[in-house]
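# Breakdown of the fold
Take a look at the letters that make up each chain.
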Amino acid sequence: MTSIALHGRQYTLPTRPIVVVCIDGCDPEYIERGIADGICPTIASFHRDGFGGIADCVMPSFTNPNNVSIVTGAPPAVHGIGGNYFLDRASGREIMMTDASLLRGETLLSLMSHTGILTAAVTAKDKLRKVLGHEMRGICFSSEKAATCTVAEHGIADVESIVGRPAPDMYSGDLSLYVLDAGLALLRQGRATLLYLSLSDYVQHKHAPGTPASNAFLRAVDERLQAFVDAGAVVGCVADHGMSAKTGIDGRPNVIFLEDELETMFGVSSARVICPITDPFVRHHGALGSFVRVYARNPAHIVAMMEATRAIAGIETVYAGADAARILELPADREADFVVISQEAFVVGSRSDEHDLSTVGDHPLRSHGGFSEQPVPFLLSHAMTPAYAARAAAGGLRNFDIFEFALNGVQANHA
Ligand SMILES: [Zn+2]
């Protein structure tokens, strides 16, 4: 066997180490500023010697749908994960997409691992680990829970001794650097040939491009990317989504509390607004993003509610559920009555009493979820084959093309 097939794509089995990194929340502006300011010489060398372009992530521009797209090579309509959090109409319960029970089909990591390729997935947050590691036979753990890994569940037990330092604080940029250091240790020790390393956007939610904290983080990531290349790997990098300031000129957050607004117009409990950015790790954005799903109590109100929502300042697009599924490639059977996407400088919340803005802290609110955060970097460390170079030049790249390009489209992988 020389390749695997998944969702209409073929993936060549790696003949040398392949490392795909998802730099969570890495808006292209971080890379542009970083290269201009000399912060990320390795990424600059990728642009020069390999490939540096822009791809679109999937909508909503949130973490879980995009990470699952990256490891399946398919949009959410295929794999079923359309948010971090969703309302199950059958039970009326709001549930976290924290495990693989909602995932449809396989991941390329699982298929690769079952061919005997040494496969590893390391995430910053544990919630992502369960879905990415679905049916994988290999190493899969999070830096959040690095101290408590077991061979039975994670394929590895002694992470802290392998990495050479204890697992970092959950709320730190180091949580991401630990993912890279762990991947590097696995690579150097010959314990993994195919690696997917998914970081956290903790730094990007707080710090704009060009600021000291974001520069320090980018520099640290860049040094590790060079270390992967030095260890003989082909490296591919994308982001799960970009990141934008969600504030007015006064620096205060531009928040539309949509459930409150709909209640004012249509009555108490007339609608339920679900924020699919919600997760237990919300301290840095108050669970506020630029994409929400709305469920009307009375179906007769849907059209009027959509019209009223469109008229709110800061709203960019309102789609009926079926249109959202078709246009944004989302699973139709899990879609709401309607979907609301805000303009770049705005976020949409549910009820004001459900969002704790005090947790955002001293930093101006930065978040994602809308069309404005769809463009992300798409980087390869090595030169592409003519066929893949032509595909990249034709445009229309998606972040979930990255494994195909890194496995099939790099000259060095065919040597
Ligand atoms: Zn993310």
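Numbering of residues starts from 1 in every chain and runs along the sequence as written. Local features in this predicted model are restricted to residues of pLDDT 70 or higher, and side-chain atom pairs are both shown and tallied only at a pLDDT of 80 or more, whereas totals for entire chains, interfaces and linings draw on every residue. Heavy atoms throughout the structure, all of them, feed into the side-chain values; hydrogens and water do not.

### Thoughts on the overall build of the protein
Only DSSP runs of H or I with at least four residues qualify as helices, and only runs of E with at least two residues qualify as strands; both kinds are numbered from the N terminus onward. Of regular secondary structure, the protein possesses 16 helices and 19 strands. Against the globule reference of 22 Å for 415 residues, the protein gives a C-alpha radius of gyration of 21 Å, in line with a compact fold. When the backbone C-alpha atoms are referred to their principal axes, the protein occupies close to 65 × 45 × 45 Å. For the protein, with 415 residues in total, the buried portion stands at 61%. In what follows, a contact means two residues having at least one pair of non-hydrogen atoms within 4.5 Å. For the protein, long-range pairs separated by at least 24 residues make up 72% of all intrachain contacts whose partners lie at least 6 apart in sequence. A residue counts as positive if it is Lys or Arg and as negative if it is Asp or Glu; His and the chain ends are not included. In this description, the location of a charge corresponds to atom NZ of lysine, CZ of arginine, CG of aspartate or CD of glutamate. For the protein, the distance from the average site of its 32 positive side-chain charges to the average site of its 46 negative ones is 3 Å. As a reference, a globule follows 2.2 Å times the number of residues to the power 0.38, and the radius of gyration itself is taken over C-alpha atoms. Exposure classes here rest on a 1.4 Å probe applied to the protein chains alone. A residue is buried below 20% of its type maximum, exposed above 50%, and partly exposed in between.

### A few points about the pattern of salt bridges
Close approach of charged atoms allows side chains of opposite charge to pair. Salt-bridge detection follows one rule: a side-chain nitrogen of Lys or Arg within 4 Å of a carboxyl oxygen of Asp or Glu. In this structure the tally under the stated criterion is 21 salt bridges. The residue Asp126 makes a salt bridge to Arg129 at a minimum N-O spacing of 3.3 Å. Of this pair, Asp126 and Arg129 both sit in helix H6 (residues 126–132), separated by three residues, roughly a single helical turn. Here the two residues Asp126 and Arg129 agree in accessibility, since each one is buried. Each member of the salt-bridge network shares a partner with another, and the members are Glu259, Glu263, Arg272, Arg351, Asp353 and Glu354.

### Here we look at the environment of Leu194
Mapped onto the fold, Leu194 is located in strand E9 (residues 194–198). Leu194 sits in the buried class, given a relative accessible area of 0%. For Leu194 and Val376, which are 182 residues apart along the polypeptide, the C-alpha to C-alpha distance reads 22 Å. Setting aside its immediate chain neighbours within four residues, Leu194 contacts Pro14, Ile18, Leu109, Met112, Ile117, Leu118, Thr119, Ala120, Phe403 and Leu407.

### Some points on helix H9 (residues 174–188)
For H9, built from 15 residues, the straight-helix expectation of 21 Å at 1.5 Å per residue is met to within 8% by its first-to-last C-alpha distance of 20 Å. Where burial is concerned, most of H9 is hidden: 13 out of the 15 residues are buried. Positive backbone phi, at 70°, marks Gly190, one or two positions downstream of H9. One fewer than the residue count of a helix, multiplied by 1.5 Å, yields its expected span.

### Quick notes on the packing of helix H12 (residues 258–266) against helix H13 (residues 302–310)
Simply put, an axis is a line fit to the C-alpha atoms, just over the touching stretch for a helix, and the angle between two N-to-C directions goes from 0 to 180 degrees. Relative orientation of the contacting elements H12 and H13 amounts to 120°, with a least axis distance of 11 Å. Accordingly, the angle class assigned to the pair H12 and H13 is oblique. Seen from above, H12 lies across H13 with right-handed handedness. Packed against H12, whose contacting residues are Leu258, Leu262, Met265 and Phe266, the element H13 presents Ala304, Met305, Ala308 and Thr309 at the interface. All residues other than Ala, Val, Leu, Ile, Met, Phe, Trp, Tyr, Cys, Pro, Asp, Glu, Lys and Arg, Gly among them, are scored as polar; the first ten of these are nonpolar and the last four charged. Partitioning the contact of H12 with H13 into residue classes produces seven nonpolar, one polar and no charged. For classification, angles of less than 35 degrees are called roughly parallel, those exceeding 145 degrees roughly antiparallel, those between 65 and 115 degrees roughly perpendicular, and all remaining angles oblique. Helix crossings are classified by the rotation of the near helix relative to the far one: an anticlockwise turn of less than a right angle makes the crossing left-handed, while a clockwise turn makes it right-handed.

### Section: the pairing of strand E5 (residues 85–88)
Side-chain positions along a regular strand alternate between the two faces of the sheet. The rule for pairing is simple: two strands pair if DSSP sees at least two bridges between them. Both E5 and strand E6 (residues 93–96) contribute to a ladder of four bridges, which runs antiparallel. Across the sheet, the residue bridging to Phe86 is Ile95, located in E6. Between the end of E5 and the start of E6, which pair antiparallel, lie four residues, with Gly92 showing a positive phi angle near 75°.

### Some words on the sheet that holds strand E15 (residues 315–320)
Spatially, E13-E14-E16-E15 is the arrangement adopted by the four strands of the open sheet, whose pairing is antiparallel. Either end of the sheet is taken by a strand with one partner, and the two such strands are strand E13 (271–274) and E15. Going from strand to strand, the sheet's axes swing by 25° on average, the running direction of each strand aside. Where E13 lies against strand E14 (residues 291–296), four bridges are found, and the strand directions are antiparallel. Bridge pairing in E14 links Ile274 to Arg293. Together, E13, E14, E15 and strand E16 (338–342) form the strand contacts of H13, whose direction differs from that of E15 by roughly 165°.

### Concerning the coordination of the zinc ion
Within the protein, the zinc ion binds to Asp24 (OD), Asp24 (OD), Thr63 (OG1), Asp240 (OD) and His241 (NE2); these donor distances fall in the range 2.0 to 2.8 Å. Metal donors: N, O and S atoms at distances within 2.8 Å, or within 3.2 Å for Na, K and Ca, with water omitted from the atom set so that some sites may seem incomplete. Within one chain, the residues donating to the zinc ion are spaced in sequence as D-x38-T-x176-D-H. Of this pair, Asp24 sits in the loop between strand E3 (18–22) and helix H1 (28–36) while Asp240 sits in the loop between strand E10 (234–238) and strand E11 (244–245), and the two are 216 residues apart along the sequence. Asp240 shares its class with Asp24; the two are buried.

### Some thoughts on the packing of aromatic side chains
We describe a pair of aromatic rings using the distance from one ring centre to the other and the angle between the two ring planes. Pairing of aromatic rings covers Phe, Tyr and Trp, the last through its six-membered ring, and needs centres within 6.5 Å; plane angles under 30 degrees mean stacked, over 60 mean edge-to-face, and all others mean tilted. Under the defined criterion, the tally for this structure stands at five aromatic pairs. For the pair Phe51 and Phe378, a centre-to-centre distance of 6.2 Å together with 70° between the ring planes defines the contact as edge-to-face. You can see Phe51 sitting in strand E4 (residues 51–56) and its partner Phe378 sitting in strand E19 (residues 375–380), a full 327 residues away along the chain. For Phe378, a relative accessible area of 0% translates into the label buried. Ring centres of Phe62 and Phe291 lie 6.3 Å apart, and the angle between their planes is 85°; this geometry places the pair in the edge-to-face category. Here Phe62, found in the loop between E4 and helix H3 (63–72), pairs with Phe291, found in strand E14; they are 229 residues apart in sequence, far enough to count as distant. An identical accessibility class is assigned to Phe62 and Phe291; each is buried. Linked through ring pairs, Phe51, Phe378, Tyr388 and Phe405 together constitute an aromatic cluster.

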